[in-house]
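# Remarks on the overall topology
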Amino acid sequence: QVQLVESGGGLVQAGGSLRLSCAASGRTFSTYAMGWFRQAPGKEREFVAAIRWSGSTSYRDSVKGRFTISRDNAKNTVALQMNNLKPEDTAVYYCAAGSGGVVRTTDGYQYWGQGTQVTVSS
């Protein structure tokens, strides 16, 4: 069982930065792929970024070059550094942990956090 708690959301102007963090419980954190998803009102939850146990990363095209995902297995944390934020990045951001091979869809994750709101004003 893995429990996930996100933090770091907030309100920021376009062009600004935020850093989201996700703290995970469980002794097998290092074996999980970790992902960030987001969901805007009236839209489906969508993939943002993922990092596998090996450290390899994957990003949706619209955030490449602006967002960076990282993990610290010693501290059981995963972070999402978001730079040059745009109003279209506004959403609730969710941290997720998965033991399967798929990282770009929600099906690949078994555990989810409660979400943290990110609002980018124009």
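Residues numbered from 1 in each chain as written. Predicted model: local features only at pLDDT ≥ 70, side-chain atom pairs only at ≥ 80, totals over all residues. Heavy atoms only, no water.

### Focus on the pattern of salt bridges
Put simply, the test is: The term salt bridge refers to a pairing of a side-chain nitrogen on Lys or Arg with a carboxyl oxygen on Asp or Glu at a separation within 4 Å. Here's how the labels work: a residue is buried when its accessible area is under 20% of the maximum for its type, exposed when over 50%, partly exposed in between, all with a 1.4 Å probe on protein chains only. Counting from the N terminus, the helices are DSSP H or I runs at least four residues long and the strands are E runs at least two residues long.
One pass over the full model with this rule turns up 5 salt bridges. Glu46 is the partner of Arg38 in a salt bridge, and the nearest nitrogen-oxygen pair spans 2.7 Å. Residue Glu46 is classed as partly exposed on the basis of its relative accessible area, which comes to 27%. Between Arg38 and Asp89 there is a salt bridge, with its nearest N and O atoms 3.0 Å apart. With a gap of 51 residues between them, Arg38 in strand β4 (residues 33-39) and Asp89 in the loop between β8 (77-82) and β9 (91-98) connect regions that are remote in the sequence. Given the relative accessible area of 1%, Asp89 is considered buried. Here the salt bridges share partners, and the residues they tie into one network are Arg38, Glu46, Arg60, Arg66 and Asp89.

### A look at the sheet that holds strand β7 (residues 67-72)
Using the following cut-off: The criterion for strand pairing is that DSSP finds at least two bridges linking the strands in question. Every angle, taken between N-to-C directions, lies between 0 and 180 degrees, and every axis is a line fitted to C-alpha atoms, over only the stretch in contact when it is a helix.
Spatial ordering of the open sheet is given by β1-β3-β8-β7, a layout of 4 strands whose pairing is antiparallel. Edge positions in the sheet fall to β1 (4-7) and β7, since each has one partner strand and no second. Across the sheet, the mean angle separating the axes of adjacent strands is 15 degrees when strand polarity is ignored. In this sheet, β8 lies alongside β7 in antiparallel orientation, the contact comprising 6 bridges. Each residue of the ladder has a partner; that of Phe67, found in β8, is Met82.

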